[in-house]
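The primary structure of each chain is shown beneath.
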Amino acid sequence: MARPVAAIEHNANKAILILLLAQSVLIFLDVSAKWLSTTGMPTTEIMFARYGLHVALLLLLVLPVQGWSLFSTGNWKLELARGLCLLGSTAGNFLSMRYLPLTVTGALLFTSPLMVCALSGPLLGEHVGWRRWLAIGIGFVGILVIIRPGTEAFHPAALLSLAAAFFGALFGILTRRLAGVDSAMTQQIYAGGISLLVITPIAFTDWVWPTQPISWVAFFTLGAAGVGGHLLISVAHRYATPATLAPFNYLQLLYLALASWVIFNQPPDNWFFLGAAIIIGSGLYIWLRERNLHKATTSVDEVAER
């Protein structure tokens, strides 16, 4: 029998706090993946470590408590699509890390809020007006500033980061669609399990064991940070829409820039700061626009109820 799932609530402040906690956890995922990439570990093996421990932790800690209801879903098609989107986002992000600094991969990955806004119309039935479309366009100008296509600074791996952002946007929208349908734990077991099933046959074709203690730490940190961060994100989406939460993901750029500089000796350049400022500015405008529209709708509903 399926466990009861809490209904969607609207509490933006609570959702934002949970999301900020999730971002502080997920920074360990990005740093660990980048570190293992620099040691020469194959990307498929890094992805296996990411999802293998993810699933193992859920089976060890959650399955004894929830039982088989952990696998009971109200919409297996959405769970399947969400898992594949997470796999696509992870693959694009981890592959691009081999060739680009964390600052660049992070900035491009955080174009996801712009994509969320653009996709909210056809996938969530939300109206996106011309002002928000203009903000989306300006945000993509920020992308061009960072990757500088047509110049020597451009690296094709930037396209992998953009693909990761696209799948990440779909993942966020599907997370919202599943809020109130499946529990956060059920969402996590399907997302991790589907990704693990797909990547396992490929991961063992070119297996390389970590050779340094710090690499072993990174190997196991991948899964723990992944399951913890994404669990918190699932909970946050129960209290707010993707468009409300998306801009606050930008704070992770500060963590990524610091980690890139201190750990990998890859400080951000001036083009990064300019492009990131444009992307963040457009994202924050979309957030402000969403908030104002929500307030206006709420006021109209309150008047109608009187």
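Every value quoted in this text rests on a predicted model; they were computed, and no experiment measured them.

1. Some details on the overall build of the protein chain
The helix and strand tally for the protein chain stands at 13 helices and zero strands. Overall, the protein chain shows an N-to-C arrangement of helices and strands of α-α-α-α-α-α-α-α-α-α-α-α-α. Taking all 306 residues of the protein chain together, the buried fraction comes to 51%. Partitioning the intrachain contacts of the protein chain with sequence separation of at least 6 by distance along the chain shows that 90% fall at a separation of at least 24. When the accessible surface of the protein chain is split by element, carbon and sulfur atoms take 69% of a total near 14,300 Å².

2. A few points about the environment of Ala 107
You can see Ala 107 is positioned in helix 5 (residues 102-109). Look at Ala 107 and you get buried, because its relative accessible area is 1%. Each C-alpha atom of the pair Ala 107 and Gly 275 lies 8.2 Å from the other, and the pair is 168 residues apart in sequence. Beyond its immediate chain neighbours, meaning those up to four positions away, Ala 107 contacts Ile 146, Leu 253, Phe 272 and Ile 279.

3. Observations regarding the environment of Val 116
Within the fold, Val 116 resides in helix 6 (residues 112-124). According to the relative accessible area criterion, Val 116 is buried, its value standing at 5%.

4. Quick word on the packing of aromatic side chains
All told, the structure shown has 13 aromatic pairs when counted by the stated rule. For the pair Trp 216 and Phe 219, a centre-to-centre distance of 5.9 Å together with 70° between the ring planes defines the contact as edge-to-face. Highlighted residues: Trp 216 and Phe 219, both in helix 10 (residues 213-236), separated by three residues, approximately one helical turn. Assessed through its relative accessible area of 32%, Trp 216 is described here as partly exposed. Centre to centre, the rings of Phe 272 and Phe 273 are 5.4 Å apart; their planes meet at 65°, and the pair counts as edge-to-face. You can call Phe 272 buried: its relative accessible area is 6%. Phe 273 gets classed as partly exposed once you look at its relative accessible area, which sits at 48%. A network of ring pairs unites the aromatic residues Phe 48, Phe 204, Trp 207, Trp 209, Trp 216, Phe 219 and Phe 220 as a single cluster.

5. Structural notes on the confidence of the model for the protein chain
The predicted model of the protein chain averages 82 in pLDDT, with 86% of residues at 70 or higher. Here helix 11 (residues 242-245) stands out as the element of the protein chain with the lowest mean pLDDT, 68, in contrast to helix 4 (residues 76-97), whose mean of 93 is the highest.

6. Here's the deal with a nonpolar patch on the surface
Taken together, the side chains of Trp 76, Leu 80, Leu 84, Leu 197 and Val 198 make up a nonpolar region of the molecular surface, amounting to roughly 510 Å² of accessible area. Those elements giving two or more residues to the nonpolar patch turn out to be helix 4 and helix 9 (184-203). When residues in the nonpolar patch are grouped by element, the largest group, three residues, is from helix 4. Turning to its location among the elements, Leu 197 is positioned in helix 9.

7. Some thoughts on the environment of Leu 222
Residue placement: Leu 222 occurs in helix 10. Setting aside its immediate chain neighbours within four residues, Leu 222 contacts Leu 29, Ser 32, Ala 33, Leu 36, Ile 46, Ala 49, Arg 50 and Phe 94.

8. Quick word on helix 1 (residues 12-38)
In this model helix 1 runs 39 Å from its N-terminal to its C-terminal C-alpha over 27 residues, within 8% of the 39 Å that 1.5 Å per residue would give. In the structure, helix 1 departs most strongly from a straight axis at Val 25, where the bend amounts to approximately 25°. Of the residues flanking the end of helix 1, it is Gly 40, one or two places downstream, whose phi is positive at about 95°.

Calculation criteria
- Residues numbered from 1 in each chain as written.
- Predicted model: local features only at pLDDT ≥ 70, side-chain atom pairs only at ≥ 80, totals over all residues.
- Heavy atoms only, no water.
- Helix = DSSP H or I, 4+ residues; strand = E, 2+ residues; numbered from the N terminus.
- Buried < 20%, exposed > 50% of the residue type's maximum accessible area, 1.4 Å probe, protein only.
- Contact = heavy atoms within 4.5 Å.
- Areas by Shrake-Rupley, 256 points an atom, 1.4 Å probe, with all protein chains shown as cover.
- Phe/Tyr/Trp six-rings, centres within 6.5 Å; stacked < 30°, edge-to-face > 60°.
- pLDDT = per-residue confidence, 0-100.
- Patch = residues over 30% accessible without salt bridge, like charges linked within 9 Å, V, L, I, M, F, W, Y side chains within 5 Å.
- Salt bridge = Lys/Arg side-chain N within 4 Å of Asp/Glu carboxyl O.
- Expected span 1.5 Å × (residues − 1).
- Bend = angle between axes of the 7 residues up to and from the residue.

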